[in-house]
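# Per-entry structural report
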Amino acid sequence: EFDLINGPLLRFQAYRKAWDKCLGRMKDILRTLQGPLVDEIAQVICNAYVDSPDKIVLPAPELVTILVSSADRSFVHQCLASVVENLSDHQEDLETRSPKAIVSQISETDCSSVINLMKALVSGFISHPLNGQSKLIKISSSSLAHYDIHILVAWYKNIQALYATESRPPALVVMIQDLHYVDPDVLRDVLEIFVIDKRISCNIPDVPLSFLLGSSDANQLHAMVPRSTLSYLRLESFTLASCLKTLEQLIKETFFAISFTPTVMLGPTAINTIFKEFQRQNSTFDALLSTLQLLHMQHFYSPLSILNDAEYDAMLFETIHGLSGWKPFMKLLRQQHLSGLMNNSDWQELSPQDVLQKSIQVRSTFQNRISGLKVGLHVLNTARNFAQACGVKMPDVSFREIFVEALQGTLGTTVTQTCTALRGLHLIQAGALLEELYRFLQHELPRTARTYGTALKEQIVLAQNDLTAEQVQSLLDFLKGYFENTFSPLDDIPCLDVWWTGESNITNLLLNPNPHISIVSSLLEPQEYFGWLDPHKLQDNRSISSLPDASILFHRCIESGKMINLYDWYQSFILALEDVHSDEEDAMDVEDSPSKGKGKEKRKAKRNGNPSEWTRNKKLDKAKEDENRREVQARFMRSMHELEFVGFLKHTGRKIDHVLKAVFDLAD
């Protein structure tokens, strides 16, 4: 009602842009957190078959197998993707363009049989575009099968000759993202081909082949492969932790990092919801992303959320210069969001351009307040960590509580406790704290955010020049006032719900939707979903004949008993369609009603007409009726199959011309 003409499309584009920005940031943070583990896995692969003085001589070669496991499968997939990216980098210690390793990725469809998996394994290597080199061995299909491992051996010998001047040719890696999709018998047979068959196992040192496996269970490989085969594997296990600290790090670096500004800021209610869902329901990265994405979608449902993105400011100014389409939007912006900014007599007299300009100024004010809040949180965190490192006892407050209380403006208790603890520091310890705070404000703080800590930095410099107990106490008084001013409530900012998620909460219905209820309600009241009925004529179009075909059949279905006769059902469907056609004909008759003179002329022409022409018209009418009947039958069958597909119908073997109803008591 209060939206722009193309508002939904613009808000969807703004939502995609905001969500892509947030998602990219979180993936970069995960990649950084998993960086040491990824480097370790890549190092194990590159040095899998390198001889060393400490290496134990074994009677049979071992096949290097690396298992990456975590309860969160998305963590595993992200880690494996980072490992592949690391292995694709060029070797730094060599003046060459060869990668560290060549990866053959096995998909779920390739694991249906041993032949398919071996074919995908071999073809994944020999079809790899290695630096544009075309000097690869081409073996005729008549000599060896595509799944023969000897093709891979011959291909790798050519790779070794190609990089003969290098000390280490690229390694070979077979990657399977999820072991749960692999048949245990297929995996066991493939591993036994490499480790038990002497004709192939003897080539393992010459062909540095490694298996990189992902799983949600650390013991998955032991459950799938027998001990006799595991004894030939050099198994390296890596476990990824999906814990509360990881969630805190993600939220902190995404929404409270000074160097990053998200398009939509999380409100305190949203942060509490995310942590509760992670701790009680689903502690996975996928669930976190789903919750954040739903929060973004819910936020951009409001027509005024288009003001969140500065790139649409010019478009909005052009829109309000148009003839129509912007007045409902401006009415909502005036009445519901800017009424508290100034007196009622003032904001009603403002032009649309001035109202929009003041909204942009309010957005800048909100962003400045949030940036100052982020700097204050880092200063508070630095002071608390320093006090705890000095042995000062302080109440344990979680990051979530600090984030939420800072946004709500209720962080006074934590600020008071922190300042009280800092007053107990010795003079030397206070000097070290001032040095650490000054280093953060002067060097670690980005240039764009240094203005938010200028006053505090000046006070720190004065205290450092005259480091006395009185000066330190004076600085702590100033620090307490700085915290109280920085963490003040944001309720005085107009349009607050536009700039952040505010008090919006993701209900269980959004996180765990019930598709059955949605389908039933859409079939009963389709006009509520598609909006193809005029709201003013909604009461006049409540007849079943005005509904889609599937809705007509569903209404007849819930009115019948447990068994539905298909012929009776079809006849009722025909009657509903005939009502539609009769209504259309009546409307046409009303619009084009002939005069009396014209009617007499038509009846006279019918009496004096040609009999052959009348017969031809009768045949055409009969052919048209047959065509309409076939069309109605097709529409009935299609709608019935749609209801059967969603599970509302069930066939019975007792009566062929009957179906069983699988849904009851839904008309209310």
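Use the structure listed above.
These figures come from a predicted structure and were not determined experimentally.

Burial of strand 4 (residues 209–215) is extensive: seven of the seven residues sit out of reach of the surface. In terms of strand pairing, strand 1 (residues 63–69) meets strand 4 through six bridges, oriented parallel. Bridge pairing in strand 4 links Thr65 to Phe211. Here strand 3 (residues 171–176) pairs with strand 4 via five bridges, running parallel. Within strand 4, the residue paired with Ile176 across the bridge is Leu213.

Right, let's talk about a positive patch on the surface for a bit. On the surface, a cluster of positive charge is made up of Lys562, Lys650, Arg654 and Lys655. For Arg654, the location among the structural elements is in the loop between strand 7 (649–651) and strand 8 (658–661). Looking at Arg654, the relative accessible area reads 70%, which means it is exposed.

Read across the sheet, three strands follow the order 6-8-7 without closing on themselves; strand pairing throughout is antiparallel. At either end of the open sheet lies a strand with only one pairing partner, and these are strand 6 (563–565) and strand 7. Sheet twist, expressed as the average angle between the axes of neighbouring strands with direction ignored, equals 40°.

We now examine the sheet that holds strand 5 (residues 233–239). The strand order across the open sheet built from five strands is 2-3-4-1-5, with neighbouring strands paired in parallel fashion. Strands at the two margins of the open sheet, each flanked by one partner only, are strand 2 (101–106) and strand 5. Neighbour-to-neighbour, the strand axes of this sheet turn through a mean angle of 20°, independent of strand direction. Helix 2 (residues 35–46) contacts strand 1, strand 3, strand 4 and strand 5 of the sheet and is inclined by roughly 175° relative to strand 5.

It is worth spelling out the packing of aromatic side chains at this point. With the rule as written, the count across this model stands at twelve aromatic pairs. Seen from their ring centres, Tyr570 and Phe636 are 5.3 Å apart, and the 70° between their planes marks the pair as edge-to-face. Taken as a pair, Tyr570 in helix 27 (residues 566–591) and Phe636 in helix 29 (residues 611–645) lie far apart in primary sequence, 66 residues in all. We classify Tyr570 as buried; its relative accessible area is 12%. The exposure class of Phe636 is buried, given its relative accessible area of 5%. Ring plane angle 55° and centroid distance 5.9 Å describe the contact between Phe573 and Phe636, whose orientation is recorded as tilted.

A general feature of soluble globular proteins is that nonpolar side chains tend to end up buried together. Within the largest apolar cluster, 159 residues are counted, with the highest numbers of intra-cluster contacts made by Ile41, Leu121, Phe194, Phe211 and Phe256. A total of 13 residues in this core trace back to one element, the largest contributor, which is helix 16 (residues 352–389). With 26 residues, the next largest nonpolar core counts Leu523, Ile574, Ala576 and Phe648 among its residues.

Judged by how many residues are buried, strand 3 sits mostly within the fold: six of six residues are covered. Burial along strand 3 is two-sided: the face carrying Ala171, Val173 and Met175 and the face carrying Leu172, Val174 and Ile176 are both buried. Examined bridge by bridge, strand 2 and strand 3 share six bridges and lie parallel to one another. By the bridge assignment for strand 3, Ile106 is matched with Ile176.

What follows deals with empty space enclosed by the protein. Inspection of every chain in the model, using the stated rule, returns five cavities of 30 Å³ or more. The calculated volume of the largest cavity comes to roughly 90 Å³. Residues of the lining of the largest cavity, tallied by class, amount to twelve nonpolar, no polar and no charged.

It is worth spelling out helix 2 at this point. Between the first and last C-alpha of helix 2 there are 16 Å, a value that for twelve residues agrees with the 16 Å anticipated at 1.5 Å per step. Residues of helix 2 that are buried include every one of Gly35, Leu37, Val38, Ile41, Ala42, Ile45 and Cys46, and no others. Where helix 2 is buried, its residues touch helix 1 (7–33), strand 1, helix 3 (73–88), strand 3, strand 4 and strand 5.

Conventions and cut-offs
- Residues numbered from 1 in each chain as written.
- Predicted model: local features only at pLDDT ≥ 70, side-chain atom pairs only at ≥ 80, totals over all residues.
- Heavy atoms only, no water.
- Buried < 20%, exposed > 50% of the residue type's maximum accessible area, 1.4 Å probe, protein only.
- Helix = DSSP H or I, 4+ residues; strand = E, 2+ residues; numbered from the N terminus.
- Pairing = 2+ DSSP bridges.
- Patch = residues over 30% accessible without salt bridge, like charges linked within 9 Å, V, L, I, M, F, W, Y side chains within 5 Å.
- Areas by Shrake-Rupley, 256 points an atom, 1.4 Å probe, with all protein chains shown as cover.
- Salt bridge = Lys/Arg side-chain N within 4 Å of Asp/Glu carboxyl O.
- Lys, Arg positive; Asp, Glu negative; His and termini not counted.
- Charge placed at Lys NZ, Arg CZ, Asp CG, Glu CD.
- Axes fitted to C-alpha atoms, helices over the stretch in contact; angles between N-to-C directions.
- Contact = heavy atoms within 4.5 Å.
- Phe/Tyr/Trp six-rings, centres within 6.5 Å; stacked < 30°, edge-to-face > 60°.
- Core = buried A, V, L, I, M, F, W, Y, C linked by side-chain atoms within 4.5 Å.
- 1 Å grid on protein atoms, 1.4 Å probe; cavity = no way out; pocket = protein on both sides within 12 Å on 5 of 7 lines; lining within 4 Å.
- Points joined across faces, edges and corners; volume = space filled by probe spheres on them.
- Nonpolar A, V, L, I, M, F, W, Y, C, P; charged D, E, K, R; others polar.
- Expected span 1.5 Å × (residues − 1).

Read these as geometric descriptors, not functional statements.
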